[in-house]
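# What the coordinates show
These are the residues of each chain, in order.
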Amino acid sequence: LKSLPALTEVADALRCEKEELATELRTLQEVARRETEVKKGLQDVHEIDMRELKAQISRDEREVSRLKKLCADREETERALQEALLKSERRFLQRQTFDADDDQGGTFDTASESGFSELSQLDVGTTALDLYITAGRLEERALVDVAPRLGEAPHIFITTILVEFLNFDVVSTEAASGLHPRYDSLLSFSPIQLTDQVISCLLNEKGARKLRLELQACPAGSLNSSTLGYAELDLLPILEAPTPMLAGSLPFSAVGPSGLQVASIDYKVKWRRSVWADVLKHRQRQAVGVT
């Protein structure tokens, strides 16, 4: 058996080892805690990075969609501009032929193929009314007044003119922009049967012998339009005279009670075949019938 001092020494050694083990255990626990915190921090950073990456991917996808739409819009705009260029070239040729016919005293019946190749032939007892609208002038206040109704700035508007006559379908000019638009549009109402009933209607009913015009404006690239003003063109001067053509400037009045002038256009209107002889025959038949 060991003596008491020896046992005491062994007990002290065991206590020291226990304390060392406890210290080492605490150190290991601290290291494990720090590793857990670091791991959790790295996981949080990873989650943040993933969220940012997903957000960036979503932004990139939206940007790609926007660019695709932009490319498609530009292609559509380019196509529309090409079509507009072709139409402008055709209108330019039409305008040259129209002016040449006026200078030479000609009529639409003898128009050249380059200017009026699409005009249909007229049967006996029929005619057609052709309206040629060239330049327009818009009052700036008209666009300012209509802007609140469309929610757009007035400088991005395009305008077009709708025309009605008798029971024909409504026709429209080309669209044009700016305060000095160039419509350069040839509009035709054909065929018109020159019966006694039609001639009597044109001579005696003011509403029947008038061209009704409506000036509309809309923001570029939008279908949301609003009416700027109205105008009427009385055809009586070319019904009761041998001259088949009438030219001048036509004012448009504002919508509403004010009646202020909001725009004007330059125009030429012409019977494709003069109706003067038919009007005289109609009146002769009326006179014979009365007597």
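All of the points below concern the structure found in this document. (Residues numbered from 1 in each chain as written. Predicted model: local features only at pLDDT ≥ 70, side-chain atom pairs only at ≥ 80, totals over all residues. Heavy atoms only, no water.)

Below, the discussion takes up the pattern of salt bridges. Summed over all chains, the structure comprises 15 salt bridges. Glu63 is the salt-bridge partner of Arg66, the closest N and O atoms lying 2.7 Å from each other. Pair noted here: Arg66 and Glu63 are both in helix α1 (residues 4–104), with a separation of three residues, about one helical turn. Judged by its relative accessible area of 44%, Arg66 is partly exposed. (Salt bridge = Lys/Arg side-chain N within 4 Å of Asp/Glu carboxyl O. Helix = DSSP H or I, 4+ residues; strand = E, 2+ residues; numbered from the N terminus. Buried < 20%, exposed > 50% of the residue type's maximum accessible area, 1.4 Å probe, protein only.)

All right, on to the nonpolar core then. Counting 42 residues, the largest nonpolar core has Leu129, Leu211, Leu213 and Val269 as the members making the most contacts within it. Other than its neighbours up to four places away in sequence, Val269 contacts Leu129, Asp130, Leu131, Leu211, Leu233, Leu235, Ile238, Pro244, Met245 and Leu246. (Core = buried A, V, L, I, M, F, W, Y, C linked by side-chain atoms within 4.5 Å. Contact = heavy atoms within 4.5 Å.)

If a residue is not glycine, its phi is most likely negative; likewise, a peptide bond is most likely trans. Cis geometry is adopted by the peptide bond preceding Pro191, which originates at Ser190 and carries an omega value of -5 degrees. Note on placement: Pro191 falls in strand β5 (residues 182–193). Positive phi values are uncommon outside glycine, yet Leu166 reaches one of about 50 degrees. Looking at where Leu166 falls in the secondary structure, it is placed in the loop between β2 (157–164) and β3 (171–172). Phi at Asp184 is positive, roughly 45 degrees, even though this residue is not glycine.

The next subject is the side chain of Thr126. Looking at where Thr126 falls in the secondary structure, it is placed in strand β1 (residues 126–138). The buried category is assigned to Thr126, whose relative accessible area is 3%. Those residues in contact with Thr126, other than ones at most four positions away along the chain, are Pro191, Ile192, Gln193, Leu194 and Arg273.

Our next topic: the pairing of β1. Of all 13 residues making up β1, twelve are buried, and the element is well covered by its neighbours. Summarising the sheet, β1 and β5 pair through eight bridges and their orientation is antiparallel. Bridge assignment links Tyr132 to a residue of β5, and that residue is Leu186. Summarising the sheet, β1 and strand β9 (residues 261–271) pair through eight bridges and their orientation is antiparallel. Bridge assignment links Tyr132 to a residue of β9, and that residue is Lys268. (Pairing = 2+ DSSP bridges.)

In this section: the packing of aromatic side chains. A full pass over the atoms with the stated rule returns three aromatic pairs. Taken together, the aromatic side chains of Phe165, Phe168 and Phe189 make up a single cluster linked through ring pairs. (Phe/Tyr/Trp six-rings, centres within 6.5 Å; stacked < 30°, edge-to-face > 60°.)

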